[in-house]
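Topology and contacts: notes
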Amino acid sequence: MPFSAIKISFISLGLFFMLLAFRGPGDEVKFVVPEGWPKPVYDFSGNPVTTTGFQLGRHLFYDPLLSRDTTISCAGCHLQATGFAHVDHQLSHGIYGRIGRRNAPAIMNMAWSRSFMWDGGVNHLDMQPLSPITSPDEMDETMEHVVRKLNESAKYRSLFRAAFGDSIATGQKTLLALSQFVLMLNSFNSRYDKYMRNEAGGQLTEQELRGLQIFRKNCASCHTEPLFTNRDFANNGLPVDTALMDTGRMKITGDSRDSLRFKVPTLRNIQFTAPYMHDGRFKKLLEVVNHYADGLQKSPTLDARLQSPMVLSHEDKIDLVAFLLTLTDRDFLFDTRFGFPRE
Ligand code: HEC
Ligand code: HEC
């Protein structure tokens, strides 16, 4: 066979495989478990992440079509540059300018989460979007209507076909695709991580190292490394906001021992996820540290780990905050794969 014929047959073979890849559901994306991290909780066997499923999820996440009046998307409350939290907003803002009852939390490393929402009211990631979509204060829409709108869109018919091999949108496929996107929002490349892995760019200053020691002594029993959460609920002594009267975990379990217990949030990218706590009451990290040092409210459910007061000098507090800032992961915050889908 002459050389050019071999070349052409290789090209056509290549084209054939490219077409195959194009027609079927996309390639599976390898889910990376960083070294030393626990096993993810999410069962990927029921919803393997694929390039096309992730892209569909990304389009859905950024699309206000999911709300009744097409004004608000998931990203409207969860912005990438702030770790997918809602900067400047104490309580979440939904459609028609309605104010919700809680602060929009940062979204990252969700595959390791055992429960969702500040009170753990949702126990599976795939079910989580139903809450904002149907909440009257958030997107005020029905899943049935979302699915109808998706099926009317040529763009979504082709995205669904690419992701699932069938152009018909269903509620289930919509939820699975949103999970695929959310599951890939993982942060593990902060300076702290590089320090722990002994990598280039992983230097911590003397001050940050002192802060790390103070953190391990006072905070890590709840904000446990490497996720910076023990994935449990706790009452961390916040005085109750009597206007909101949010009892947290007790709302779900009805058990008074769960009163004022909230999900222990991760502290990764904490530099940008302000305002802090379930009601966004603190704007600055130093205010948070002052709360733990001097502001704890005694109550029957105050966590045992916070019963004896923390002794933190002014310098300790500054060092602690310096350490918290090493948890910023710019690779994650600026990863273009997670941004608004322009293509
Ligand atoms: C109007 C603002 C708003 C919109 C829109 C919104 N969220 Fe949220 N999100 C919140 C708030 C507030 C919470 C916490 C709710 C609670 O604890 O009751 C939350 C919680 C979450 C959580 C749980 C985080 C955790 O650590 O438990 C995930 C995941 C999430 N949202 C993803 C989404 C997705 C996906 C969409 C789009 C379908 C969406 N959100 C739309 C405000 C919003
Ligand atoms: C007994 C468990 C516990 C300990 C110990 C603890 N925390 Fe927390 N932390 C929580 C809980 C629970 C919340 C969420 C409370 C809420 O919103 O109602 C929280 C919230 C936070 C937040 C806000 C995060 C966000 O996204 O809004 C920061 C920052 C924080 N803690 C830092 C610290 C620091 C620094 C220490 C040590 C000085 C510490 N925590 C010790 C349980 C704890």
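Residues numbered from 1 in each chain as written. Chains lettered and ligands numbered in written order. Predicted model: local features only at pLDDT ≥ 70, side-chain atom pairs only at ≥ 80, totals over all residues. Heavy atoms only, no water.

Quick word on the overall build of the protein
Defined as follows: Numbering goes from the N terminus for both helices and strands, where a helix is a DSSP run of H or I of at least four residues and a strand is a run of E of at least two. The atom set for the radius of gyration is the C-alpha atoms, and the globule formula is 2.2 Å times the number of residues raised to the power 0.38. Exposure classes here rest on a 1.4 Å probe applied to the protein chains alone. A residue is buried below 20% of its type maximum, exposed above 50%, and partly exposed in between. Any two residues having at least one pair of non-hydrogen atoms within 4.5 Å are treated as being in contact. Only the protein chains shown count as covering a residue, and every accessible area follows the Shrake-Rupley method with a 1.4 Å probe. Positive: Lys, Arg. Negative: Asp, Glu. His and the chain ends are not part of the count. Think of each charge as sitting on NZ of Lys, CZ of Arg, CG of Asp or CD of Glu.
If you tally the helices and strands in the protein, you get 13 helices and two strands. Here the protein has a C-alpha radius of gyration of 23 Å; the compact-globule value for 343 residues is 20 Å, and the two agree. Within the protein, buried positions represent 51% of all 343 residues. In the protein, 70% of the contacts between residues at least 6 apart in sequence involve partners at least 24 apart. On the protein, roughly 17300 Å² of surface is accessible, and the fraction owed to carbon and sulfur atoms is 58%. Averaging the positions of the 38 positive and the 37 negative side-chain charges in the protein gives two centres separated by 2 Å.

Here's the deal with the coordination of the iron atom of ligand 2
Definition in use: Here the coordinating atoms are restricted to nitrogen, oxygen and sulfur within 2.8 Å of the metal centre, or 3.2 Å for Na, K and Ca, and because water is not among them the sites may look incomplete. Angular criteria define each label, namely tetrahedral for four donors with all angles between 85 and 135 degrees, square planar for four and octahedral for six donors with opposite donors over 155 degrees apart and remaining angles between 65 and 115, and irregular for whatever fails these tests.
With distances of 1.9 to 2.1 Å, the protein atoms coordinating the iron atom of ligand 2 are His223 (NE2) and Tyr292 (OH). Relative to the metal, the six donor atoms surrounding the iron atom of ligand 2 lie at angles of 84 to 179°, and the coordination shape comes out octahedral. Of the two residues, His223 sits in the loop between helix H9 (206-218) and strand S1 (233-234) while Tyr292 sits in helix H11 (residues 285-294), which places them 69 residues apart along the sequence. For the residue pair His223 and Tyr292, the accessibility class agrees, reading buried in each case.

Section: the site of ligand 1
This is how the line gets drawn: Residues are classed as near a molecule or strand on a simple rule: at least one heavy atom within 4 Å of it. A 3.5 Å cut-off defines polar contacts: any pair of N or O atoms within that distance qualifies, except that in protein one atom must be a possible hydrogen donor and the other a possible acceptor, and neighbouring residues in sequence count only when both atoms are side-chain atoms. By the convention adopted, Pro, Cys, Tyr, Trp, Phe, Met, Ile, Leu, Val and Ala count as nonpolar, Lys, Arg, Asp and Glu as charged, and the other residues, Gly among them, as polar.
By nearness alone, 24 residues border ligand 1, and Cys74, Cys77, His78, Met117 and Trp118 come closest of all. The separation between a nitrogen atom of ligand 1 and a polar side-chain atom of Gln128 is 3.1 Å. One nitrogen or oxygen atom from the side chain of Lys263 is found 2.8 Å from an oxygen atom belonging to ligand 1. Of the residues contributing to the shell around ligand 1, the split by class is 14 nonpolar, seven polar and three charged.

Examining empty space enclosed by the protein
Here is the rule we go by: Grid spacing is 1 Å over the protein atoms alone, the probe is 1.4 Å, and a cavity is where that probe fits but cannot get out, while a pocket is an open set with protein on both sides within 12 Å along at least five of seven lines and lining residues have an atom within 4 Å of a point. Grid points are joined across faces, edges and corners, and a volume is the space filled by probe spheres set on the points.
Evaluated as defined, the whole model comprises one cavity of 30 Å³ or more. Within this model, the largest cavity holds a volume of roughly 90 Å³. Forming the walls of the largest cavity are 14 residues, and the residues nearest its centre are Leu238, Asp246, Leu260, Phe262 and His278. Considered class by class, the residues forming the lining of the largest cavity number six nonpolar, four polar and four charged.

Here's the deal with the nonpolar core
Inclusion rule: For our purposes a nonpolar core is just a set of buried Ala, Val, Leu, Ile, Met, Phe, Trp, Tyr and Cys residues, chained together by side-chain atoms within 4.5 Å.
Phe61 and Leu66 are the most contacted members of the largest nonpolar core, which has 52 residues in total. Looking at this core, the elements with two or more residues in it are helix H2 (51-61), helix H3 (74-77), helix H5 (143-151), helix H6 (154-164), helix H7 (171-183) and helix H13 (330-333). Among the elements that make up this core, the one with the highest residue count is H7 (six residues). Excluding residues within four positions of it along the chain, Phe61 makes contact with Ser73, Cys74, Ala75, His78, Phe84, Leu178, Phe181 and Val182. Grouped together as the second largest cluster of nonpolar side chains are 28 residues, Leu238, Met310, Phe323 and Leu324 included.

Describing the site of ligand 2
With respect to spatial proximity, 24 residues lie near ligand 2, and among them Cys219, Cys222, His223, His278 and Tyr292 are the closest. In this structure, Met277 approaches ligand 2 through a main-chain N or O atom, which is 2.7 Å from an oxygen atom. Sorting the residues of the shell around ligand 2 by element identifies strand S2 (262-263) and H11 as the ones contributing at least two each. The biggest single contributor to the shell around ligand 2 is H11, with three residues. By residue class, the composition of the shell around ligand 2 is 18 nonpolar, four polar and two charged.

These results come straight from atomic positions and should not be treated as a statement about function.
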